[in-house]
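Observations on the three-dimensional arrangement
This is what each chain is made of:
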Amino acid sequence: MLNLAKGGRLVTNREREESLELRQIDCFLAVATDLHFGKAAERLSVAQSSVSETIRALEHEVGGPLFVRTSRRVQLTPLGEKLRRGVEPATLVLRATLEDCRKIALGQSNRVRVGFVGGGLYDLTLPFVSHLRSKFQIDVDWVELSLLDQFEAVAEGKVDAAFCRLPLSHDGLVQCAVMFENKRKLVVSTNHRLASRDLVDPEELALETLPTLPENHQLGPWAAFHLPDHTPSGRSIARGPVVETVREMLAVVKSGEVVALMSAMAERYYSDPGIKYIDIDVPPVGTALVRRRADRRRVILDLEECSREVAAEHRPTSKA
């Protein structure tokens, strides 16, 4: 049976089923990401009942439950986890490839959306942009990300790739060459008890409070590195106000509520007369390009190659 689509084109039932299946996959991935039907509905701009109906239809299609639903939480079943691992990378790459083709058809320049956090690449920003444009004929649309979504934005296709502070903390992503490593400093308010120090023992953090990130099941290793809950010897560190961005973190530091660990380079990019950066004996932090594991488009491979070449030529030392 044929149906008349908008514009007079005849659409077969088969085509309608394929269109529905794609919407089902989008809905499934939204719920799998948020683990919350209401949040998934907001993300998709549809009613929550529509999300529930779509998931039930998809579960009927695959022959089993994809989620365990209780009044308190939503979890993927083993079947749901298998479906997510199989369809998410392919769906994102498909959409990105279609967008690339649309740009080519419209005669638009080759552009990529690259995310960054805080100061991004710092002094390597201009060399990276210049090399990317001159050798690969690619322009960049920069997208500022928060501490919370720096990995999620890549995984969900909001950006093509991102320069993130390591360690990498998200399934389905891979890091490319480390652009640079930078020592970390303790950031305190100018009237803080440690403000007169030149070097701080990390055991001092047991007497301090660090900011808190909103709960996110994908950020565990990253949060443990940047916002540790214990000192190297195992002493507990208190948790303070919730923050999502670098500037929010610095605001609560300046108020005296917390101290924070940040890249030493941030001192030049986020200088403020109300805060002080102090050396502290903790491991340095690396910055690397992060991309989706399954995304092997030519433009992404060029982006990766460019990052390697710029890192090799301009990488600062860990003491920079």
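Residues numbered from 1 in each chain as written. Predicted model: local features only at pLDDT ≥ 70, side-chain atom pairs only at ≥ 80, totals over all residues. Heavy atoms only, no water.

Let us now look at the packing of helix H5 (residues 125-136) against helix H10 (residues 298-314). Here H5 crosses H10 at 130°, and the two axes come no closer than 10 Å. Overall, the two elements H5 and H10 adopt an arrangement that is oblique. Once H5 is placed against H10, the crossing between them reads as right-handed. Each of Pro127, Phe128, His131, Leu132, Lys135 and Phe136 in H5 lies in contact with H10, whose residues at this interface are Asp302, Leu303, Glu305, Cys306, Ser307, Glu309, Val310 and His314. Class assignment for the residues of the contact of H5 with H10 results in 7 nonpolar, 3 polar and 4 charged. (Axes fitted to C-alpha atoms, helices over the stretch in contact; angles between N-to-C directions. Helix = DSSP H or I, 4+ residues; strand = E, 2+ residues; numbered from the N terminus. Parallel < 35°, antiparallel > 145°, perpendicular 65-115°, else oblique. Left-handed = near helix turned anticlockwise from the far one by under 90°. Contact = heavy atoms within 4.5 Å. Nonpolar A, V, L, I, M, F, W, Y, C, P; charged D, E, K, R; others polar.)

With that settled, the discussion passes to the pattern of salt bridges. Summed over the entire model, instances satisfying the criterion amount to 24 salt bridges. In this structure, glutamate 208 engages arginine 193 in a salt bridge whose closest nitrogen and oxygen atoms are separated by 2.7 Å. Residue glutamate 208 is found in the loop between strand E10 (199-200) and strand E11 (209-212), and its partner arginine 193 is found in the loop between strand E9 (184-189) and E10; the two are separated by 15 residues along the sequence. Note on glutamate 208: relative accessible area 10%, which makes it buried. (Salt bridge = Lys/Arg side-chain N within 4 Å of Asp/Glu carboxyl O. Buried < 20%, exposed > 50% of the residue type's maximum accessible area, 1.4 Å probe, protein only.)

A separate point is helix H2 (residues 37-44). Quick reminder: α-helices carry 3.6 residues per turn. Residues three or four places apart thus point the same way. Those residues of H2 lying buried are Phe37, Gly38, Ala40 and Ala41. Take H2 and look down its axis: the buried residues cluster within an arc of 160°, on one side only. (Arc of directions from axis to C-beta.)

Here the chain averages 87 in pLDDT, while 90% of its residues score no lower than 70. By mean pLDDT, the top-scoring element of the chain is E9 (98), and the lowest-scoring one is strand E1 (residues 2-4) (38). Ignoring residues within four places in sequence, the model shows residues 1-20, a span with pLDDT below 50, making 17 contacts including any to other chains. (pLDDT = per-residue confidence, 0-100.)

Below, the discussion takes up the pairing of E9. In terms of residue burial, E9 counts as a mostly covered element, since 6 of its 6 residues are buried. Side chains of E9 alternate between two faces, with Arg184, Leu186 and Val188 and Lys185, Val187 and Ser189 buried alike. In this structure, E9 lies alongside strand E14 (residues 275-280), joined through 5 bridges in antiparallel fashion. Bridge pairing in E14 places serine 189 opposite isoleucine 275. (Pairing = 2+ DSSP bridges.)

Glancing now at the sheet that holds strand E8 (residues 173-182). Taken together, the 5 strands give an open sheet; going across it, the order is E6-E5-E7-E15-E8, and neighbouring strands pair in mixed fashion. Unpaired on one side and paired on the other, strand E6 (139-144) and E8 mark the two borders of the sheet. This sheet shows a mean twist of 25° between the axes of neighbouring strands, independent of strand direction. In this sheet, strand E7 (residues 161-165) lies alongside strand E5 (residues 111-116) in parallel orientation, the contact comprising 3 bridges.

Turning our attention to the sheet that holds strand E13 (residues 260-263). The sheet built from 4 strands is open, its strands ordered E10-E14-E9-E13 with mixed pairing. Looking at which strands have only one partner, the edges of the open sheet turn out to be E10 and E13.

Here leucine 166 and proline 167 are connected by a cis peptide whose omega angle stands at 10°. As for its placement among the helices and strands, proline 167 is situated in the loop between E7 and E8.

All told, the structure shown has 8 aromatic pairs when counted by the stated rule. With a centroid separation of 5.6 Å and 50° between ring planes, the pair formed by phenylalanine 28 and phenylalanine 67 is classed as tilted. Within this pair, whereas phenylalanine 28 is found in helix H1 (residues 13-34), its partner phenylalanine 67 is found in strand E3 (residues 67-69), the two being separated by 39 residues in sequence. No difference in accessibility class separates phenylalanine 28 from phenylalanine 67, as the two residues are buried. Through a chain of ring-to-ring contacts, three or more aromatic side chains come together here, namely Phe116, Phe128, Trp142 and Phe163. Here the basic side chain of arginine 184 rests over the ring of phenylalanine 225, its NZ or CZ set 4.0 Å away from the ring centre. (Phe/Tyr/Trp six-rings, centres within 6.5 Å; stacked < 30°, edge-to-face > 60°. Lys NZ or Arg CZ within 6 Å of the ring centre and 35° of its normal.)

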